[in-house]
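# Tertiary structure, described
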Amino acid sequence: MPMCDFCLKHGAGGKWYLNAKHYSNKIVEKYNLRDFLLEQYKNFEQISIRKQMGFNAVGLGYKLRIPVIGRIIKNNAEKLLHSKKAPSNPFKAGGHIGQVVPLEDGIAILENCATEPIIEKNCMCRYMTRGIKESCCINFGVMSEIIDKLPRFIPDKDKFHLTRKEAVQRFTQHNRKGYIGTIWFGPYPYINNLCSCESPECAGIRPRVDFNILSIYKAEYVAQISEEKCIACGECVEQCPFGAIKIDKENRTVKINLLDCYGCGVCRHACPNDAIYLTPRDLIPEVAGKY
Ligand code: SF4
Ligand code: SF4
Ligand code: SF4
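Residues numbered from 1 in each chain as written. Chains lettered and ligands numbered in written order. Predicted model: local features only at pLDDT ≥ 70, side-chain atom pairs only at ≥ 80, totals over all residues.

This part takes up the overall build of the protein. On a plain count of helices and strands, the protein comes out with 13 helices and eleven strands. Against the 2.2 N^0.38 benchmark of 19 Å for 291 residues, the protein shows a C-alpha radius of gyration of 19 Å, consistent with a compact globule. Oriented by its inertia axes, the alpha-carbon framework of the protein measures out at about 60 × 50 × 40 Å. When each of the 291 residues of the protein is scored for burial, the buried share is 40%. A sequence separation of at least 24 residues applies to 67% of the contacts in the protein between residues at least 6 apart. (Helix = DSSP H or I, 4+ residues; strand = E, 2+ residues; numbered from the N terminus. Rg over C-alpha atoms; globule rule 2.2 N^0.38 Å. Buried ≥ 20, exposed ≤ 12 C-beta atoms within 10 Å, placed from the backbone. Contact = placed C-beta atoms within 7 Å.)

This is how it looks when you write it as structure tokens:
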């Protein structure tokens, strides 16, 4: 039974992101999100670098290390990202909270929850940090309709209007490459993005990893290794995007630091011996409730 506060409040007894209600066009109409999202994505790059509540994103790492100022920025950022107020200002990243999801849950989202049309757009985090366009951000419903009108998000080469089955195939390909599956409210209470991210490029993951801002929840799971099956080859160490796996070459042992594990499950794809498996976070006392 998941314990994350979003699941308890918005999951109808299960995981919040498997509650189809959050994907519906009814929510779009209720909050007039068609205009809101069009305005937000027309100005996506500018919004990412503009001041939020008086603080400029430039030199954020330095500012976060200043004792009082750092705490104020962190608290304000979390308040904004976790906001459950009705979306009103498209120029603010309010109500944009997400969670890491392993391959199985990403597939369940695509098969059971995602509203059509489904498209795959260019990842803007990679574009803004590395200048490359890679299509790996899967959108649903009204969000897809909006992106369809904004040429810079449209992949040059890849087919981007996807059937449900094609979306599952694409998400699986990305996950096998080691990209981190993530699902997002954008804005709360509407879910419209299933992403395949890299760290540190992802603007949602980086604040968490580098600055300990709760910008994304860890998955409902943690990874564990079967000692009988593991041959200590070290392939999973390279694959883990969060540096959670360590190898002791002398003793030929491999360990996952459960507190560092985000439960993305991509280490499993690198293992030649099928030695890694996911366990629900809440069954492991060391990490239960620690999202
Ligand atoms: S959230 Fe992930 S896939 Fe989506 S735009 Fe950012 S890095 Fe790309
Ligand atoms: S050890 Fe945890 S964080 Fe690292 S790849 Fe595996 S599931 Fe993801
Ligand atoms: S990839 Fe598999 S076999 Fe190799 S060290 Fe990791 S868990 Fe062990």
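Next comes the rest of the account.
Turning our eyes to something else, we now look at the domain arrangement of the protein. Partitioning the protein into domains gives domain 1 (5-51 + 82-217) and domain 2 (221-283). Domain 1 and domain 2 are separated by 27 Å when their C-alpha centres are compared. Listed as interface residues are ten residues of domain 1 and, on the opposing side, eleven residues of domain 2. When contributions to the side of domain 1 that touches domain 2 are tallied by element, the ones reaching two or more residues are helix H10 (164-177) and strand E5 (180-185). (Domains from an automatic or database assignment.)

In the region of ligand 2, 13 residues are neighbours, and Ala223, Cys240, Cys261, Cys264 and Cys267 sit closest. Taken together, the residues that form the shell around ligand 2 break down as eleven nonpolar, two polar and no charged. (Near = placed C-beta within 6 Å. Nonpolar A, V, L, I, M, F, W, Y, C, P; charged D, E, K, R; others polar.)

Bringing the site of ligand 3 into the picture now. What surrounds ligand 3 is a group of 14 residues, the closest being Cys230, Cys233, Glu235, Cys236 and Cys271. When the residues that make up the shell around ligand 3 are grouped by side-chain class, the tally is eleven nonpolar, two polar and one charged.

The mixed open sheet is built from seven strands, whose spatial order is E4-E2-E3-E6-E5-E1-E7. In the strand order of this sheet, the two ends are held by strand E4 (161-162) and strand E7 (216-217), each with one partner. As judged from the two bridges shared by strand E2 (residues 118-122) and E4, these two strands associate in the antiparallel manner. Within E4, the position partnered with Ile118 by the bridge is Leu162. (Pairing = 2+ DSSP bridges.)

Let's shift gears to the pairing of strand E3 (residues 135-140). With six of six residues buried, E3 is to be regarded as a mostly interior element. In terms of strand pairing, E3 meets strand E6 (residues 191-197) through two bridges, oriented antiparallel. Paired with Ile138 across the strands is Leu194, a residue of E6.

With that settled, consider H10. Helix length check: H10, at 14 residues, gives a terminal C-alpha distance of 20 Å against a target of 20 Å (1.5 Å per residue), a fit within 8%. Buried within H10 are the following residues: Ala167, Val168, Arg170, Phe171, His174 and Asn175. For H10, the buried positions fall inside an angular range of 165 degrees around the axis, keeping them on one side. In H10, the exposed positions that point more than 90 degrees away from the buried face belong to Lys165 and Gln173. At its buried positions, H10 is contacted by helix H7 (103-113), E2, E3, E4, E5 and E6. After H10 finishes, the residue Gly178 shows a positive phi value of roughly 105 degrees. (Expected span 1.5 Å × (residues − 1). Arc of directions from axis to C-beta.)

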